[in-house]
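Residues per chain are reported as follows:
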Amino acid sequence: MNVASLNFQGWRGYLELMRPANIVTAWADILVGFAASGGIIFPKLINGEASFSILIPLAWLLLATTGLYGGGIVFNDVFDAELDAKERPNRAIPSGRVSRQNATLLGSILFAIGIIAAFQVSWLSAAIAIFITLSCLLYDALAKHHPFFGPLNMGLCRGSNLLLGVSAVPAIIRERWYLTLIPILYIAAITAISQGEVHGGKKITGVLALLLIAIVLTAVLALGLLKEYTAIAALPFAVLLAIRVLPNFIKAARQPVAENIRNAVKIGVLSLIVLDATVASGFAGLYYGLLVLILLPISMKLAQLFAVT
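1. As for the nonpolar core
In step 1: Within the largest apolar cluster, 90 residues are counted, with the highest numbers of intra-cluster contacts made by L164, Y186 and V279.
In step 2: For this core, the element with the highest residue contribution is helix α2 (residues 20-36), accounting for eleven residues.
In step 3: Discounting chain neighbours no more than four positions away, the residues touching L164 are I30, L61, A64, L68, A118, S125, I128, A129 and I132.

In structure tokens:
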């Protein structure tokens, strides 16, 4: 084994803590929020009619969400260290590959990066980043153990992440705040059903998750009632989302064993990118939606290398 391989093995534990595949899904939230803000008109950009300076806030916000999401995921494992020692001893902290102290330091640094990067865009962006940080810590420490407030709290984190993308044009937040409800419902569905990914779940939880997914699919097309949103551009992505998510959630609802639930959660998390591509295409056109969708194979590849749940 060469030195480079040894170094990678040393860093792998830290990368596992950050869930790289999940962070890519957080980038998609920012991209759809940025599209909804009107901060980018994709056809003009590719034709050279728009200034690339409008992409500077986007770059800062992508860095911000990397830190915020990464920090939230790391602290999830910090708070779960004792439980994971019993249920998931192969994780980075209970296996001894990363100390709890170093994981805490990593999570803190990531949160700081997220807030500082958001501050480069606006005070409002920084305020949203601080809210996300506090919401993540609340979820990690307390809310995730509650069957109702856990899913709601996690959904609020993702909804706020989308709002962080909208904050590229702060004045638009007042007009687009309702978009946060879509990821809130979607993540609430995933978080609810994920509570049975270790020991199995309940059928009623699976049915509730299916109902929430159905509401989300209806909502992304109902946005077509807005004059700024083109439902026909969103339709192909909505169909893809339904094809990817519904069969797995139906299977988990019918047979709520741990394996089925883990598969549903994994597909659901990765399909956040498809959900974001659906909404983004409605606001910014088909090509922009495809740009967001490119993140899906990247996230799927990372999911083969690092755990998603």
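More follows now that the structure is in view.
2. Comments concerning the environment of L241
In step 1: Within the secondary structure, L241 sits in helix α12 (residues 231-254).
In step 2: The exposure class of L241 is buried, given its relative accessible area of 2%.
In step 3: For the pair formed by L241 and S271, sequence separation is 30 residues and the distance between their alpha carbons is 6.7 Å.

3. A closer look at helix α16 (residues 295-305)
In an α-helix there are 3.6 residues to a turn, and that puts residues three or four apart on one side.
In step 1: For α16, the full list of buried residues reads L295, L296, S299 and A303. Projected onto a plane normal to the axis of α16, the buried residues spread over an arc of 100 degrees and lie on a single side. Of the exposed residues in α16, those oriented more than 90 degrees away from the buried face are K301 and Q304.
In step 2: Considering only its buried residues, α16 is in contact with α2, α12, α13 (258-270), α14 (272-284) and α15 (286-293).

4. Thoughts on the packing of aromatic side chains
In step 1: The final tally for this structure, using the stated rule, is six aromatic pairs.
In step 2: Taken together, a centroid distance of 5.7 Å and an interplanar angle of 55 degrees make the contact between W11 and Y14 tilted. With W11 and Y14 both in helix α1 (residues 3-18) and three residues apart, this pair spans about one turn of that helix.
In step 3: Plain terms: the ring middles of F75 and F79 are 6.2 Å apart, the flat faces sit at 40 degrees to each other, and that makes the pair tilted. One end of the pair, F75, and the other, F79, are both in helix α4 (residues 55-79), four residues apart, so they sit about a helical turn from each other.

5. With respect to a nonpolar patch on the surface
In step 1: Taken together, the side chains of I56, W60, L63, L105, I109 and I113 make up a nonpolar region of the molecular surface, amounting to roughly 520 Å² of accessible area.
In step 2: Those elements that provide at least two residues to the nonpolar patch are α4 and α6 (100-119).
In step 3: Within the secondary structure, L63 is located in helix α4.
In step 4: According to the relative accessible area criterion, L63 is partly exposed, its value standing at 38%.

6. Points about the packing of α12 against α14
In step 1: Where α12 meets α14, the closest approach of the two axes is 7 Å, and the angle between their N-to-C directions is 170 degrees. If you check the angle between α12 and α14, you find them roughly antiparallel. Our pair here, α12 against α14, has a crossing hand that is left-handed. Across from A233, A234, F237, A238, L240, L241 and R244 in α12, the residues of α14 making contact are V274, L275, A277, T278, S281 and G282.

Rules used in this analysis
- Residues numbered from 1 in each chain as written.
- Predicted model: local features only at pLDDT ≥ 70, side-chain atom pairs only at ≥ 80, totals over all residues.
- Heavy atoms only, no water.
- Core = buried A, V, L, I, M, F, W, Y, C linked by side-chain atoms within 4.5 Å.
- Buried < 20%, exposed > 50% of the residue type's maximum accessible area, 1.4 Å probe, protein only.
- Helix = DSSP H or I, 4+ residues; strand = E, 2+ residues; numbered from the N terminus.
- Contact = heavy atoms within 4.5 Å.
- Arc of directions from axis to C-beta.
- Phe/Tyr/Trp six-rings, centres within 6.5 Å; stacked < 30°, edge-to-face > 60°.
- Patch = residues over 30% accessible without salt bridge, like charges linked within 9 Å, V, L, I, M, F, W, Y side chains within 5 Å.
- Areas by Shrake-Rupley, 256 points an atom, 1.4 Å probe, with all protein chains shown as cover.
- Salt bridge = Lys/Arg side-chain N within 4 Å of Asp/Glu carboxyl O.
- Axes fitted to C-alpha atoms, helices over the stretch in contact; angles between N-to-C directions.
- Parallel < 35°, antiparallel > 145°, perpendicular 65-115°, else oblique.
- Left-handed = near helix turned anticlockwise from the far one by under 90°.

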